Each structure stands twice: as C-alpha cells, then as structure tokens.
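# Structural overview
Chain by chain, the residues run as shown.
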Amino acid sequence: MTIQFNNETFRDDYSFRNSDWAIKRFPFPFHEDSYMYSVNMEQHRGGPEGSVYEKRFDVDEHYLSEMQDRAIVLAEDPLRCQSLPHMTLAGWDTLELIMVSKSEDYPELFELHRDGNRWRWVNKPMKIDHTFTFLDETTLPCGPLEYITRQTQGDFAVLDQRDEMLWMDAGMVTTQADWSLDFDIGMNFFEWHAPVPLAHEMGIFKRALKFLLNVQQGAPARRLNWTMTVNPLLDTSPENYHKWGIQKTTLTPENIGAKQHLRVELQTFFRLPRSNALLFPIRCYLIAFQDIVTVPKWGRRLHRVVRDLPEELATYKGFIANRPVMLDYLSQYDDGLPTSPGVWPDLETEPPLAK
Amino acid sequence: MSKFQFPESIASRPVYGTLEPRPGKAHLMIADAEGAEAILELASQDAALMAKTHIIYIPKGTDFSEKLRALKPAQFYEGPSYDASVQRIQKVLGDAHMGLQVYLAGTEGLMGQAMNEAVSAGIPASAIQTEHRGSVARRMQCVHCKGITEDVVTDPFVCSHCGLNLFVRDHYSRRLAAFQGVCIDAEDPGNVPEPVELYK
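Residues numbered from 1 in each chain as written. Chains lettered and ligands numbered in written order. Predicted model: local features only at pLDDT ≥ 70, side-chain atom pairs only at ≥ 80, totals over all residues. Heavy atoms only, no water.

### Focus: the overall build of chain A
Scanning chain A from terminus to terminus reveals 13 helices and ten strands. Taken over C-alpha atoms, the radius of gyration comes to 20 Å for chain A, in line with the 20 Å a tight globule of 355 residues would show. Structurally, chain A occupies a C-alpha span of about 65 × 45 × 40 Å along its principal axes. Out of the 355 residues belonging to chain A, those deemed buried represent 59%. Looking at chain A as shown, the accessible area adds up to about 14,600 Å², and 52% of this sits on carbon and sulfur atoms. (Helix = DSSP H or I, 4+ residues; strand = E, 2+ residues; numbered from the N terminus. Rg over C-alpha atoms; globule rule 2.2 N^0.38 Å. Buried < 20%, exposed > 50% of the residue type's maximum accessible area, 1.4 Å probe, protein only. Areas by Shrake-Rupley, 256 points an atom, 1.4 Å probe, with all protein chains shown as cover.)

### Examining the packing of helix α3 (residues 82–95) of chain B against helix α4 (residues 108–120) of chain B
Residue and element names in this part refer to chain B. Contact geometry of α3 with α4 gives a least axis separation of 10 Å together with a crossing angle of 30°. By the angle between their axes, α3 is roughly parallel relative to α4. Of the two possible hands of crossing, α3 and α4 adopt the one that is right-handed. Within the contact between the two elements, α3 uses Y82, V86, I89, Q90 and L93 and α4 uses L110, Q113, A114, E117 and A118. Of the residues in the contact of α3 with α4, the class split is seven nonpolar, two polar and one charged. (Axes fitted to C-alpha atoms, helices over the stretch in contact; angles between N-to-C directions. Parallel < 35°, antiparallel > 145°, perpendicular 65-115°, else oblique. Left-handed = near helix turned anticlockwise from the far one by under 90°. Contact = heavy atoms within 4.5 Å. Nonpolar A, V, L, I, M, F, W, Y, C, P; charged D, E, K, R; others polar.)

### Examining the sheet that holds strand β2 (residues 53–58) of chain B
Residue and element names in this part refer to chain B. Here we have five strands laid out as an open sheet, ordered β3-β2-β1-β4-β5, and parallel in their pairing. In this open sheet, the two strands that pair with only one neighbour each are β3 (75–78) and β5 (128–132). With strand direction ignored, the average angle separating the axes of adjacent strands in the sheet is 10°. Where strand β4 (residues 101–106) and β5 come together, five bridges link them in parallel fashion. Across the sheet, residue V102 finds its bridge partner in β5, namely I128. Each of β1 (27–32), β2, β3 and β4 is contacted by α3, which is oriented at about 165° to β2, the strand it contacts most. (Pairing = 2+ DSSP bridges.)

### Some words on the interface of chain B and chain A
Taken together, the contacts link 23 residues of chain B with 22 residues of chain A. Overall, the association of chain B and chain A removes approximately 1,900 Å² of surface from exposure, summing both partners, and the carbon and sulfur fraction of that is 59%. Three residues stand out in chain B for area buried against chain A, namely H171(B), R175(B) and E187(B), and they jointly supply 32% of the buried area on that side. The interface formed by chain B and chain A holds six salt bridges in total. The shortest N-O distance in the salt bridge between D182(A) and K146(B) comes to 3.1 Å. At the junction of chain B and chain A, the tally comes to twelve residue pairs in polar contact (both at pLDDT 80 or more). Elements represented by at least two residues in the side of chain B that touches chain A include exactly β10 (165–173) and β11 (178–183) of chain B. It is β11(B) that provides the largest number of residues to the side of chain B that touches chain A, a total of five residues. (Buried area = accessible area lost by both parts, 1.4 Å probe. Salt bridge = Lys/Arg side-chain N within 4 Å of Asp/Glu carboxyl O. Polar contact = N/O pair within 3.5 Å; in protein donor to acceptor, adjacent residues only side chain to side chain.)

### Points about the domain arrangement of chain B
Frequently, the measure chosen for interface size is the accessible area removed from exposure when the parts meet. Residue and element names in this part refer to chain B. Assigned domains within chain B: domain 1 (27–132) and domain 2 (138–197). The C-alpha centroid of domain 2 is placed 28 Å from the C-alpha centroid of domain 1. Facing the six residues of domain 1 at the interface are ten residues of domain 2. For the pair domain 1 and domain 2, the two sides together bury roughly 540 Å², of which 40% comes from carbon and sulfur. Area buried by domain 1 at its contact with domain 2 is led by E108, Q113 and N116, which between them contribute 64% of it. Where domain 1 meets domain 2, there are four residue pairs in polar contact (both at pLDDT 80 or more). When the residues that make up the side of domain 1 that touches domain 2 are grouped by side-chain class, the tally is no nonpolar, four polar and two charged. (Domains from an automatic or database assignment.)

### Things to note about helix α11 (residues 296–308) of chain A
Structural remark: α-helix, 3.6 residues per turn; residues separated by three or four positions point the same way. Residue and element names in this part refer to chain A. Over its 13 residues, α11 extends 19 Å from the first C-alpha to the last, a length consistent with the 18 Å expected when each residue adds 1.5 Å. Here α11 lies mainly inside the structure; ten of its 13 residues are buried. Among the residues of α11, K297, W298, G299, R300, R301, L302, H303, R304, V305 and V306 are the ones counted as buried. Check the buried side of α11 and you find it contacts α1 (20–24), β8 (221–230), α10 (289–292) and α13 (323–331). (Expected span 1.5 Å × (residues − 1).)

### A closer look at the sheet that holds strand β3 (residues 110–115) of chain A
Residue and element names in this part refer to chain A. Taken together, the three strands give an open sheet; going across it, the order is β3-β4-β5, and neighbouring strands pair in antiparallel fashion. If you trace the sheet from one side to the other, it starts and ends with β3 and β5 (128–133), each paired once. Between one strand axis and the next, the sheet turns through 10° on average, direction left out of account.

### Regarding the layout of surface pockets
Roughly 860 Å³ of volume is contained in the second largest pocket. If you trace the second largest pocket, you find 28 residues lining it, with M115(B), N116(B), V119(B), R174(B) and R175(B) closest to the centre. Where the lining of the second largest pocket is concerned, the elements lending two or more residues are β7 (165–172) of chain A together with α4, β5 and β10 of chain B. Residue contributions to the lining of the second largest pocket peak at six residues, all from α4(B). Per-class residue counts for the lining of the second largest pocket are 13 nonpolar, ten polar and five charged. Both domains that meet at the lining of the second largest pocket, namely domain 1 (27–132) and domain 2 (138–197) of chain B, each give it at least three residues. (1 Å grid on protein atoms, 1.4 Å probe; cavity = no way out; pocket = protein on both sides within 12 Å on 5 of 7 lines; lining within 4 Å. Points joined across faces, edges and corners; volume = space filled by probe spheres on them.)

### Observations regarding the environment of E61(A)
Residue and element names in this part refer to chain A. Within the fold, E61 resides in the loop between β1 (42–43) and α2 (63–76). Residue E61 is classed as buried on the basis of its relative accessible area, which comes to 4%. Among all residues touching E61, those that are not within four sequence positions of it are I3, Q4, F5, N6, E8, R17, N18, S19, W21 and A22. Polar side-chain contacts of E61 include one of 2.6 Å to the side chain of S19.

### Examining unusual backbone geometry
In this chain, D155(B) is followed by P156(B) through a cis amide linkage whose omega measures 0°. For D12(A), which is not a glycine, the phi torsion comes out positive at approximately 55°. Of note in this structure, A177(B) is not a glycine but carries a positive phi near 50°. Structurally, A177(B) is set in the loop between β10 and β11. What makes A177(B) buried here is its relative accessible area of 1%.

Written out as structure tokens, the structure reads:
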C-alpha cells in the first residue's frame, strides 16, 4: 500500500492523530493481563504483513512530521546528537544499514544506487536526492549518523563493544523517555541504567547484557518497552522537563481519553559490520487512550495492567499521580471477560465490550 | 574525622578506596581540603615516596599546606581553586613518562575532574587511586541549562546558573564528573520542599 503521510505536530497544538490503520497495527506491549520487567527479546526477522515488526526500519504515516519535529529539537539543542571521536565508523555502518534496508524494504520510497564508494541516495518523501562518497565525511552535510537519523524515525543509541561491555558512545536522541544522551554519553551499560528501579536486583541487566554482547551480524533482535505520556509529546527529555512536566497535571475525566497516551518503544538491536558496534534504535509509538479502547481486548487488558502495576514502577514511569483518574477512565472498558493470549488485537475473535 | 562511609549506591557512581604507596619512579598527588590527610598518611607509610612526588593541593580554606610542605615533596604547588590548577595538571600529565602513579584525594568533585584529566592524558585506570576525604558535597550538572554548580550540600538546591530548583538525582557521569540535577517543581511550580543536608 502507499502510505499517506500526515501533516501533524507533536507540540503546541498537538495535532498528531493515528489513522484506523495505525491503531490496528499499534505495537501493544502487553501479552497478558499483567506486567513485570523481563528480558523479552526475540529475533527481529520480520513479522505479520502490515505490522510494525515486518520491516527492519518501520516507516509509517507519521514519518515526515516526526522528522520535522526532530529538526526543531536539534535546532534548539544540537547536543541531542553526539558521537565520540572513535564512533565515526559506526556512524557509516549505521548509514549503510539503514539505506540498504529502506531501499530494499520500501523501493517505492527510497533508492540506493552504489558504484563502488560513489553512492546516490534518494529519499522521495523528504525530497532528497544526494550523491556522496561512502566513508568520506566531507561529502555529507553533517556526520553520517546525524545525516541518516535525520531521515529515520526513532532514537538511535550506538553502543561500542569492548572489555565484554557495551558503551553508549554515540546517539541521536530526540524522542526519549526522560533520559539524557548528553549526560549518559560515554557510560557503560550498567551505568546508564543506574536510575532504573528493581531491575538491577532482578538481574535483568546482567542477562540483557550477556544477550546483547552476542548479537550477530544479520541476526537482529527486538523487544518492547513502554511508559505513559500526557499529550502526544515526542520530546519528553529531561532537558525540557521543566517545560513539559506541568502538562502531566492537566488531565481531567473529560479530556483523559484524548490526552493520555500509551508510549511504546520498539527497541531493536543490530550488529554493525565494520565497527562491531551495536546499533540500538528506539522507535517511539504513541496512541491515545480513546484509540486503544476501540480494540476491546486492549481496553480490558490495559485497565488490568495499570491497576496491578507495582507502585515503584508506576512512580518510575511517571504516572503514579495520574493512576486514579486513568483507572476511572479505563475501568469503563473492562467488563471482566477473559482476554486471549498475546499482543494482537484479535478483533474478529474477541467479544465486544459487554457493559 | 575526615572519612565518610558512603551508603550503598547506584551503578554509575565511582567507588573510592584508600591510598597506598606503589612502586614507581614518579608520583603525582592531587588533593583538596582534607584530602591532605590522606597524603600525610600515605607519606608516613613510605619514607622514600616524597622525594619522587609532585603535590598539587587546593586548600579550600583549610590549613594543611604547611604540613604537606614539611613532607618535602620534589615539587609542591598550592592552587587557589581547581580551575586555576587545571592547566598545571594538564602540563604535568602531558609531560609524564610511562609508569607515573596518580593519587587523588579529597572531595568527589576534585577527584572526578582530575580523574578525567588523567584518563584523557592516557594514564591507565590501574595507575590511578582515589580516596574520599572531607566534605560530601556533590558537583552537580543542571540537566536543563547544563551549568555546573559546585559543592552542593543540600537536596534540593538552586542551580547557580539558571535558578531552577533542582533535586539531586542519584546518577553520575564520569565524563562530566557530576551528578544530575533535575527540576523538582516542574509539575507543581513553587512547591519546593525544605532543603535537607545530603546523606542525612
């Protein structure tokens, strides 16, 4: 199908909307009626047709607007994209991986023509037609990582691997769930996760690290993570928290369906061929509560997950104060019927709301 | 008593030890305030050490300088502040030969910044020792304006650059040698709890 790109905003008037197509393919993160941390990794080798898992780098109706939002963030704060000096090669690896993947997966939108190191990249939605020399930085308007991630949805952390450890040594981070690349750059895997509660004690990070150190070329992996965001705000950065934090207090029983969004990260992991770095794209999908509950199974389940989440997690994810008003709203969509296993909407087989 | 037992902490925070004399033909000791006491104890363990030692010391209002001078180090420098001393530190590290032993003592801010200089000069981590002494004040970076506020002893505190009320997030960046300060009243402007002393 041809994607119709939305013209929408993720700030100020918040005109962001999900089409019916986007709602049905939303990466709902709860495979059962409760949630706890886990190293929920699986292979990233496609998925059901039309799902966000199908392509290596999913392109959807929000593409152009997300790229405009990223440009605004970078103009205000160039420190959102940084690369330590030894990471330039990993930046080229990233550029190659994304250009090759997108041109193969979306030939109607992207083209890559290679003649030795002379490359021509065509990005039709963004109206870019650019010829450059691979591995020659002087032929790009900015570094390779910044160049390609200004054209690709999602945040990107580029992790160097040495001493049996991963190091956050480069990144493009403008749609983050409250962490700062500028603060965390140069940290190792345990250090940058230091503020996360419970998971260290559960051994989550040790197991995750062991897995990630062994991700091989051509065998990428993926997992989902989630949090909550009031208004479809992509840039929930700590840098701007003193500006957006106040928005969390604007929820009312009347506006919560439209204002409260479930924020899901599709995290993928790719081994890069020349640098042996690990590319860690963190793709953010937003959906309003009023859109989630149009899928009966998701409405039932979201109510149960939010209701039963341990207090520490609700605090860490930043919605402890809003949990009562969220539950008042969501309980209207939970009739107590059982839900089918797995994340899929199951619209044909799950019963409609019985209340 | 200048020693302080830090509580069990997060993974991003450095762990400090106790200085011990190591073999080596050159030694660089950088300390501030009560960090001098760690150097005095070090000197008492190895009489030959000081003849090969360069001490860079920032008193911060304390009076240990004469005691350090009395150790007769090969070189002694007293700086009025860390910032005033940093060029000398860079020069000494740049001129250093293989095998230099580095000893850092005093506040977290001093050790963190000097550690960065040593590491970027190529000194291996295994040749750098640290010992915390004196104030438990933290060096804080405001995550909003990026300004550094030195010697923060309360939580919350006011950013010395942008004036926001910040709480001390238990997250430490070695690159910045600073903890992270985050706006405490973003969701309820003006509702700022009374500052309490750190670790109290």
